[in-house]
Amino acid sequence: MEQHKTAVPGPASPHARPWPLLGHLVPLLRRPLAFMQDARGMGEVAEIRVGTTRAYLVNSPELIKRILVTDADQFADLGNLFERPRKWIGPSVVLVTGEQHQRQRRALQPAFRRTVVEEQVETIRQAVVAAGATWEAGRPLAVRDEMYGLIIRMTYRYLFGADPAPKVLAELVRLLPVVEKGMAFHVINPLPVLSGLPLPSFRRFFQAVDRVNQVMSDAVSLMPQPPGAGFVSAARDAHPGGQAELVRAEATAMLLGAVPNTSAMLTWALHELAAAPGLQQELRDEVRTVTGGRAVTAGDLHALGGTTRFVQEILRLYAPWLITRRTTAPVVLGTVRLPAGALILISLHALHRDPKMFENPDVCDPARWLPGTAQPVPRETFLPFGAGKRRCIGEPLALVELIITVATVLADWEVRPLAARDGGIPRRLATTAVVHPADVPIIPVPCEYQSAPSQGKEP
Ligand code: HEM
C-alpha cells in the first residue's frame, strides 16, 4: 500500500527559524525570499507554522499545477484568510468562491480582453510621458514612488475611463501603500484580536481602507448608467441589481490587485535596466527601429520582441512571493496527507528561481526566452499570473502596461544606477503582498533623440 507521511517540518535555516508563539511569521515577513528559497530544500510539501496555524508550503511544480488547475476544486476554499478582507472590501471577484466567483468572473472578463486593453495603449503612453515630464535630468528619481503613482493613474483611467483629479491621485498615492502594508499584516496575523488594538498604525490602516472605498465609491457614482462599455459596466453585470456598493467592491479590489504588482514589476524593470547599460541600449535600439522615432502604438507590440522578453524575465524573477488556498476535503498531496481546511502556500517567486527548472535562475537574462535556444524555459512552470480559474484577470492589461512603459521610458531616457546592489537584489526589501525594493534611486538622463515631448536638460 502507498505510504503517506506528514509534511516535512518547515525550514530551520537561520533565515527561517520559528519564533516562540509566532512560529515562522516573523521570518516569513522579514525575509520572504530567503525563506521561500530555503523551504524549497525541504521537499515537495513543507510544514510551516504561523502562530498556532499550520500551513503547507508546496514546492513541486506538478503539485502546484494540481492545486491551481487540475484538482482546483479540492483547493477552492479561500478560508478565513479571505474573510477579513471581504469584510473590509466587499464580495469582489477576488474574495468569493464557487458559483459566485465564476459568475462574477464571467461578467468582468470582457473588460480585460486584449482588444479592449490595446485601445488604451495611447493613454498608457501619455501617462508615462507626463510622468517623464516631471523628471529632472541627473537628479535621483525615487523610482518606486514614481511607478506607484503612474500605475494608480493608469489603473484608475482603465477602470473609470477618465484621469483621476490631481487631489484624488495624490490621496490614492498616499493611501494605497498604507492599505497594502496593513493588509499584509492583518490578513495573516494569527491572533485576530491583535487587529483590534488601538495602535496608531492599525487605526491608519483601517481609516485608509475606508477612504479608498469612499474614493472608489465617488468614482463609480460619477459613471453614467448603462448602456456603456468598460469596467464599470461589466462590474454592474457581475452583480444583478448593479448595486453601487458591489460595483465599488470590484473597483477597490482591482485597484489593490493591479497597483502593488504592476508597480513593483516596473520598479524592478528599471532597477535591472540601470544595472545593464548594454541591455538597455539594445532595447532602446529596438524601440527606435520599430517606431522610427514616433510614439509607440498598439500595432508595435508584436514587433517589440526584445522588450517583451525582458518583461517576461522581470515577471519570472519577481513573481508574487505568495498565493494561498485551502483544502475543501481531506486530500493526499504527493506523499503527504492533509486534512480538510489545510492552508496551502505557493511561492511563484521560488518556483521561478528553481535551478532545476531555470538555468542560472537568479540571473536576469531575457535571451533565455528566445525561441530555439539550447535550454528552452519550461513555460508550464512560468506562472507569474497564476493558473486555472483564478488566473489573473488583469494579465493582458499588466503586460501591455509593462511593455509600453518600458519602451516609452527607454525611448526618451537613459537610466543609471545609484543603489548599492547585493547579489542583484537591493539590500533593503519591503514585503507586502509583493516583494519590492524599498526604493531604487535611479538617475534619469534624457536621450539625445526623444520620441515624445519631455522636459529636462543634459546634466
Ligand atoms: C504584473 C502585474 C500582475 C501580477 C504579477 C499579478 C499576479 C496575479 C496572480 C498570481 C493572481 C492569482 C492569485 C491566485 O491564484 O490566488 C492574480 C489574480 C488577480 N489579479 Fe493580478 N496580477 C497583476 C496585475 C493585475 C492587474 C493589472 C489587475 C486588474 C486591473 C489584476 C487583478 C487581479 C484579480 C481581480 C485577480 C483575481 C482573479 C480571480 O480570483 O478570479 N492583476 N494576479
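Residues numbered from 1 in each chain as written. Predicted model: local features only at pLDDT ≥ 70, side-chain atom pairs only at ≥ 80, totals over all residues. Heavy atoms only, no water.

J.: Can you help me understand the site of the ligand in this one?
T.: Around the ligand lies a shell of 26 residues, among which H101, R105, R325, R390 and C392 are the nearest. Contact between the ligand and R325: an oxygen atom at 2.7 Å from a side-chain N or O atom of the residue. Listing elements by their share of the shell around the ligand, those giving two or more residues are helix 5 (98-108), helix 13 (244-275), strand 5 (323-326) and helix 17 (395-412). By residue number, the principal contributor to the shell around the ligand is helix 13, which donates six residues. Taken domain by domain, the shell around the ligand gets at least three of its residues from each of domain 1 (1-88 + 321-352) and domain 2 (90-320 + 353-446). (Near = heavy atom within 4 Å. Polar contact = N/O pair within 3.5 Å; in protein donor to acceptor, adjacent residues only side chain to side chain. Helix = DSSP H or I, 4+ residues; strand = E, 2+ residues; numbered from the N terminus. Domains from an automatic or database assignment.)

J.: Hey, could you run me through the packing of helix 15 (residues 305-317) against helix 17 in this one?
T.: The description of two packed helices rests on the angle between their axes and on the distance between the axes. Closest axis-to-axis distance for the helix 15/helix 17 pair is 10 Å, and the angle between their directions is 120 degrees. Of the possible angle classes, the one that applies to helix 15 and helix 17 is oblique. Along this stretch, helix 15 crosses helix 17, giving a crossing that reads as right-handed. Contact residues: T307, T308, F310, V311 and L315 in helix 15; L399, L402, I403, V406 and A407 in helix 17. When the residues that make up the contact of helix 15 with helix 17 are grouped by side-chain class, the tally is eight nonpolar, two polar and no charged. (Axes fitted to C-alpha atoms, helices over the stretch in contact; angles between N-to-C directions. Parallel < 35°, antiparallel > 145°, perpendicular 65-115°, else oblique. Left-handed = near helix turned anticlockwise from the far one by under 90°. Contact = heavy atoms within 4.5 Å. Nonpolar A, V, L, I, M, F, W, Y, C, P; charged D, E, K, R; others polar.)

J.: Could you clarify how one ought to interpret the coordination of the iron atom of the ligand in this entry?
T.: Around a metal, the ideal angle is 109.5 degrees if four donors adopt a tetrahedral arrangement and 90 or 180 degrees if six donors adopt an octahedral arrangement. Among all protein atoms, only C392 (SG) binds the iron atom of the ligand, sitting 2.3 Å from it. If you trace the backbone, C392 turns up in the loop between helix 16 (348-352) and helix 17. (Donors = N, O, S within 2.8 Å, 3.2 Å for Na, K, Ca; no water.)

J.: Looking at this model, I keep getting lost on the sheet that holds strand 4 (residues 141-142). Mind explaining?
T.: Sheet strands pair by backbone hydrogen bonding; their relative direction is either parallel or antiparallel. In space, the three strands of this open sheet follow the order 4-12-9, with antiparallel pairing throughout. Two strands close off the open sheet at either side, each with one partner strand: strand 4 and strand 9 (413-417). Here strand 4 runs beside strand 12 (residues 441-446); their pairing, made up of two bridges, is antiparallel. Looking at the pairing, L141 lines up with I442 of strand 12. (Pairing = 2+ DSSP bridges.)

J.: I keep staring at the packing of aromatic side chains and nothing clicks. Help me out?
T.: For any two aromatic rings, the description comes down to two numbers: the centre-to-centre distance and the angle of the planes. Taken as a whole and assessed by the stated rule, the structure comprises nine aromatic pairs. Among the aromatic residues, those joined into a cluster by ring pairs are W88, F205 and F206. Stacked on the ring of F358, the Lys or Arg R316 has its end atom at 5.2 Å from the ring centre. Over the face of the ring belonging to Y318 we find R353, whose NZ or CZ atom lies 5.5 Å from the ring centre. (Phe/Tyr/Trp six-rings, centres within 6.5 Å; stacked < 30°, edge-to-face > 60°. Lys NZ or Arg CZ within 6 Å of the ring centre and 35° of its normal.)

J.: I tried to follow the pattern of salt bridges on my own but got confused; where do I start?
T.: Side chains that carry opposite charge are capable of pairing whenever their charged atoms lie near each other. Under the definition given, this model contains 18 salt bridges. Between K389 and D73 there is a salt bridge, with its nearest N and O atoms 2.7 Å apart. Within this pair, whereas K389 is found in the loop between helix 16 and helix 17, its partner D73 is found in the loop between helix 3 (61-70) and helix 4 (80-89), the two being separated by 316 residues in sequence. The exposure class assigned to K389 is partly exposed, which follows from its relative accessible area of 43%. The closest approach of N and O atoms between E171 and R174, which form a salt bridge, is 3.9 Å. Of this pair, E171 and R174 both sit in helix 9 (residues 166-188), three residues apart, roughly one helical turn. You can call E171 buried: its relative accessible area is 18%. For R174, a relative accessible area of 53% corresponds to the exposed category. Each of R153, R157 and D163 takes part in one network of salt bridges that share partners. (Salt bridge = Lys/Arg side-chain N within 4 Å of Asp/Glu carboxyl O. Buried < 20%, exposed > 50% of the residue type's maximum accessible area, 1.4 Å probe, protein only.)

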